[in-house]
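In case you want the letters, here they are:
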Number of protein chains: 2
Amino acid sequence: MNNFTLHTPTKILFGKGQVAQLREQLPSDARILITYGGGSVVRTGLLAQIRDELAGMTLFEFGGIEPNPTYETLMGAVALARAERIDFLLAVGGGSVLDGTKFIAAAAHYDEARDPWHILETVGNEVRSAIPLGAVLTLPATGSEMNMGAVVTRRSTGDKVHFFSPFVMPRFAVLDPVLTYTLPARQVANGVVDAFIHILEQYLTYPVNAKVQDRFAEGLLLTLVEEGPKALVEPENYEVRANIMWSATMALNGLIGAGVPQDWATHMLGHELTALHGLDHAQTLAVVLPALLQAKRQQKHAKLLQYAERVWDLRSGSESDRIDGAIAATRDFFERMGVKTRLRDYGLSELGIDTLIGKLAEHGMTAIGEHGDIDLVQSQHIYEAAW
Amino acid sequence: MNNFTLHTPTKILFGKGQVAQLREQLPSDARILITYGGGSVVRTGLLAQIRDELAGMTLFEFGGIEPNPTYETLMGAVALARAERIDFLLAVGGGSVLDGTKFIAAAAHYDEARDPWHILETVGNEVRSAIPLGAVLTLPATGSEMNMGAVVTRRSTGDKVHFFSPFVMPRFAVLDPVLTYTLPARQVANGVVDAFIHILEQYLTYPVNAKVQDRFAEGLLLTLVEEGPKALVEPENYEVRANIMWSATMALNGLIGAGVPQDWATHMLGHELTALHGLDHAQTLAVVLPALLQAKRQQKHAKLLQYAERVWDLRSGSESDRIDGAIAATRDFFERMGVKTRLRDYGLSELGIDTLIGKLAEHGMTAIGEHGDIDLVQSQHIYEAAW
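Note that the coordinates shown come from a computational prediction; the quantities given were computed from them, not determined experimentally.

Caption draft 1: Representation of the overall build of chain A in the model. Assigned secondary structure in chain A consists of 14 helices and eight strands. Against the compact-globule benchmark of 21 Å for 387 residues, chain A has a radius of gyration of 20 Å, which places it among compact chains. Over its C-alpha atoms, taken along the principal directions, chain A stretches across nearly 65 × 45 × 45 Å. Counting over 387 residues, chain A shows a buried share of 63%. Counting contacts in chain A only where the partners sit at least 6 residues apart, residues at least 24 apart contribute 78% of the total. With the model as given, the accessible surface of chain A reaches about 13,700 Å², and the carbon-plus-sulfur share is 50%. Between the averaged position of the 33 positive side-chain charges in chain A and that of its 45 negative side-chain charges there is a distance of 2 Å.

Take a look at the structure:
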């Protein structure tokens, strides 16, 4: 096991009706900016419910944060937060709203003489403070509700990049599985696939004898395999929704990644596919991952066998067969969730490989994966295999 | 899954050499009281190392906190903390030092007109502040380094009781597996058994379809079963020590107990055995648990079967046989760790059942377990079966 530091101070309020505890999580005299996305929280009545819960407090609102939230949109909220001297941000939505709100939080406190895009360029290292934030989660997927990372896209340049800062770790997150009942199937499926691949990015590397982290990861994977398909056919099954929601948070709150090597190459390759072709985040992961696992099957040999046995119950046949079986079972799981696993199935006319590789190079992604051995040549190979 | 609130702000610094990060965890102008136990941290040189790391800071020391820390001893530290206006406590030791330090932290801030024993009598509900505290852990067992609970004994009356308060949650905990190399085998064994039973108290109840919590619990149990015996024969195997240390912390930091029913009757019955007969905490648990599982096998039926299958790989035979097999395997595991599982093996001349039951009644333990259905009659039956 590698050395690690783990600090996860987000307070979790999990379960049916927990929005009722929102008021006591917020400073009573705060100037609060509620951030949200494309309007589903208006249609479902959640935003109105939150306004009721917080009646009498000083509230502002900023809607319209899009999937893969853009710098261009978020800078509007940064201006509002500065103008209104906002001192608490309440994100209501999924991972995109959360990530966007983290950027708003850091950017509003950033040196006004500098373009806050610099926060992304320096991966958050220069963030020295941020507006405190909390969240009401409506889409289990990204784990952003309990971590310090965020991904932001700049529309003008097609860049999709991340930053990390402990200052943007949410103070609290309300996780009510009931709020996920009304999600479209595509978002449910994307969320399950996203969480599943977050786990694999921290698990399918090489062994360091971290038994707790491995078994926690496997427990989350098994839970998503069992519950994911059920969520599609029984959208109002509370227990199913609860297990998925808690799995997705645990998938990326630092716990299973503490003290183990991490990969994240699938994400890096996926980000460029979203930026270039507009695929959903989870769709990009579902097409890249199986191709990447095939390409790195030697380097990931031991963990692929462990994954085959403990998650897919593949215990017989040659080692090579078991690894093929595990990769096929992974692909099949994504397809059963309704997420296609080959780029050609998304109606693209061409891969655009030169642009993808050019953007990877521009973003410094020339030596990625847990060994730093995925160079641009291998990335091209993986993109082509993902077609 | 039941609703829950989970808030675990303790910062974990895990791994070899992490004591070197101690200084930056502490306020530079703090008046720090280092608390420790019977002197092993003096003999191993850890205390001297910590003094070196913190050279130039304002340090005080209080040693002699005993296993099952007593109110009588701890009140000496409370007086010191008040007199010296201590504003940070650094616990160096195992669960007893941690628990004792939590009491010191709360008692030093308690209304001076009242006896701090009242903190225990009100289970911590009246604690409104405490001296902030951090820990350097030397014995993986109790999980106290990452939770808000503590158990304190009053020697004069033979009471062993607990309290909880978010104000005594450690700010940080240094977990260096190397520090556990020199532990006596008995303490290693006790620690593994203690952690194992902490997990069972939160797992072996009845199903609420909390798949993540169940699988996390099972992952910890499997890790302890695999690594516990190895620690006895290979005391300087870093990976073994690391897996045990992390398992013990995860066993009782709130995570696996969030949203599920909990039992804790084994602990309640065990506390009286320590108070009356002076058995080690883990020894009391190891004798009570098998007897309790037999007594409650109907109420715990479904989870006992799950435990039999997933932890002990018992998949064939009748349900009753599998449950017997799981209880026998549990007992056998404790015995292999060198912890005897029958009271008569501890050289006692008599059970002292009247005193035990009287103390349970005095402490209000008349309806315990996850269903509140273990009354004094059943407790007597369990004690007798544990003989």
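Caption draft 2: Summary view of empty space enclosed by the protein. Within this structure, the stated rule accounts for seven cavities of 30 Å³ or more. Here the largest cavity defines a volume of roughly 150 Å³. For the largest cavity, the full set of lining residues is L6, T8, M146, M250, N253 and L255 of chain A together with L6, T8, M146, M250, N253 and L255 of chain B. Secondary structure elements with two or more residues in the lining of the largest cavity: β1 (4-14) of chain A together with β1 (4-14) of chain B. Among the residues making up the lining of the largest cavity, the classes are represented as eight nonpolar, four polar and no charged.

Caption draft 3: Just the relation of the copies chain A and chain B, in detail. Least-squares fitting of chain A to chain B yields an RMSD of 0.0 Å, with the transformation described by 0.0 Å of translation along the axis and a rotation of 180°. Both copies are brought into coincidence by an operation consistent with a two-fold rotation axis. Of every C-alpha in chain A, the one belonging to P9 of chain A sits nearest the axis of rotation, 2.0 Å from it. Interface residue correspondence from chain A to chain B reaches 100%, placing this contact among same-surface, isologous pairings.

Caption draft 4: Main features of the sheet that holds β1 of chain B. One open sheet holds the 12 strands; their spatial order is β3(A)-β2(A)-β4(A)-β5(A)-β8(A)-β1(A)-β1(B)-β8(B)-β5(B)-β4(B)-β2(B)-β3(B), and the pairing between them is mixed. On the outer flanks of this sheet lie β3 (58-62) of chain A together with β3 (58-62) of chain B, each paired with one strand and no other. On average, each strand axis in the sheet is tilted by 25° relative to the strand beside it, whichever way the strands run. As paired strands, β1 of chain A and β1 of chain B are joined by seven bridges and run antiparallel to one another. Looking across to β1 of chain B, one finds that I12 of chain A is bridged to L6 of chain B. Contacting β1, β5 (133-137) and β8 (172-175) of chain A together with β1 of chain B, helix α8 (residues 238-251) of chain A crosses the sheet at an angle of about 150° to β1 of chain A.

Caption draft 5: Local environment of a nonpolar patch on the surface. Residue and element names in this part refer to chain A. Judged by side-chain polarity, V123, M148 and F164 come together as a nonpolar surface patch covering roughly 240 Å² of accessible area. Residue position: M148 is located in the loop between β5 and β6 (149-154). A relative accessible area of 34% means that M148 is categorised as partly exposed.

Caption draft 6: A look at the nonpolar core. Grouped together as the largest cluster of nonpolar side chains are 247 residues, with contacts concentrated most on F103, F196, W246 and Y307 of chain A together with F196, W246 and Y307 of chain B. Discounting residues that sit within four places of it in the chain, F196 of chain A has contacts with L221, L224, V225, Y307, W312, T330, F333 and F334 of chain A.

Caption draft 7: Fine view of the packing of helix α7 (residues 211-233) of chain B against helix α11 (residues 301-310) of chain B. Residue and element names in this part refer to chain B. Their axes nearest at 11 Å, the elements α7 and α11 cross at an angle of 50°. Classed by the angle they form, the pair α7 and α11 counts as oblique. Along this stretch, α7 crosses α11, giving a crossing that reads as right-handed. Facing α7, whose interface residues are D214, R215, E218, L221 and L222, α11 presents K303, Q306, Y307 and R310. Taken together, the residues of the contact of α7 with α11 break down into three nonpolar, one polar and five charged.

Caption draft 8: Here's a closer look at the interface of chain A and chain B. With 40 residues of chain A at the contact, the number on the chain B side is 40 residues. Counting every contact that joins chain A to chain B gives six salt bridges. Between K211 of chain B and E226 of chain A there is a salt bridge; the shortest N-O distance is 2.6 Å. Inspection of the chain A/chain B interface yields 24 residue pairs in polar contact (both at pLDDT 80 or more). Within the residue set of the side of chain A that touches chain B, elements represented by two or more residues are β1, α7 (211-233) and α8 of chain A. Ranked by residue count, the leading element in the side of chain A that touches chain B is α7 of chain A, at 12 residues. Here the residues of the side of chain A that touches chain B sort into 18 nonpolar, 14 polar and eight charged.

Caption draft 9: Layout of the confidence of the model for chain A. When the pLDDT values of chain A are averaged, the result is 97; 100% of them are 70 or greater. The ipTM value of the predicted complex is 0.97, and its pTM value is 0.97.

Caption draft 10: Region of the structure containing the packing of helix α9 (residues 265-277) of chain A against helix α14 (residues 376-386) of chain A. All names here are of chain A. Interaxial distance between α9 and α14 falls to 11 Å at its minimum, and their mutual angle equals 65°. As α9 packs across α14, the resulting crossing turns out to be right-handed. Along its contact with α9, which presents M268, L269, E272 and L273, the element α14 presents S379, I382 and Y383. Across the contact of α9 with α14, the residue classes tally to five nonpolar, one polar and one charged.

Caption draft 11: Up close: unusual backbone geometry. Backbone geometry at D313 of chain A places phi at a positive 55°, although glycine is not the residue there. D313 of chain A sits in the exposed class, given a relative accessible area of 52%. In this structure, N68 of chain B is a non-glycine residue whose phi angle is positive, near 50°. Mapped onto the elements, N68 of chain B comes out in the loop between β3 and α3 (71-83). The class of N68 of chain B is partly exposed, set by a relative accessible area of 21%.

Caption draft 12: Examining helix α2 (residues 46-53) of chain B more closely. Residues and elements named next belong to chain B. Among all positions of α2, only L46, L47 and I50 are buried. Buried residues of α2 fall within an arc of 100° about the axis and therefore sit on the same side. Close packing links the buried residues of α2 with β2 (31-35), α1 (40-43), β3, β4 (88-93) and β5 (133-137).

Definitions and limits used
- Residues numbered from 1 in each chain as written.
- Chains lettered and ligands numbered in written order.
- Predicted model: local features only at pLDDT ≥ 70, side-chain atom pairs only at ≥ 80, totals over all residues.
- Heavy atoms only, no water.
- Helix = DSSP H or I, 4+ residues; strand = E, 2+ residues; numbered from the N terminus.
- Rg over C-alpha atoms; globule rule 2.2 N^0.38 Å.
- Buried < 20%, exposed > 50% of the residue type's maximum accessible area, 1.4 Å probe, protein only.
- Contact = heavy atoms within 4.5 Å.
- Areas by Shrake-Rupley, 256 points an atom, 1.4 Å probe, with all protein chains shown as cover.
- Lys, Arg positive; Asp, Glu negative; His and termini not counted.
- Charge placed at Lys NZ, Arg CZ, Asp CG, Glu CD.
- 1 Å grid on protein atoms, 1.4 Å probe; cavity = no way out; pocket = protein on both sides within 12 Å on 5 of 7 lines; lining within 4 Å.
- Points joined across faces, edges and corners; volume = space filled by probe spheres on them.
- Nonpolar A, V, L, I, M, F, W, Y, C, P; charged D, E, K, R; others polar.
- Least-squares fit on C-alpha atoms with pLDDT ≥ 70 in both.
- Pairing = 2+ DSSP bridges.
- Axes fitted to C-alpha atoms, helices over the stretch in contact; angles between N-to-C directions.
- Patch = residues over 30% accessible without salt bridge, like charges linked within 9 Å, V, L, I, M, F, W, Y side chains within 5 Å.
- Salt bridge = Lys/Arg side-chain N within 4 Å of Asp/Glu carboxyl O.
- Core = buried A, V, L, I, M, F, W, Y, C linked by side-chain atoms within 4.5 Å.
- Parallel < 35°, antiparallel > 145°, perpendicular 65-115°, else oblique.
- Left-handed = near helix turned anticlockwise from the far one by under 90°.
- Polar contact = N/O pair within 3.5 Å; in protein donor to acceptor, adjacent residues only side chain to side chain.
- pLDDT = per-residue confidence, 0-100.
- Arc of directions from axis to C-beta.

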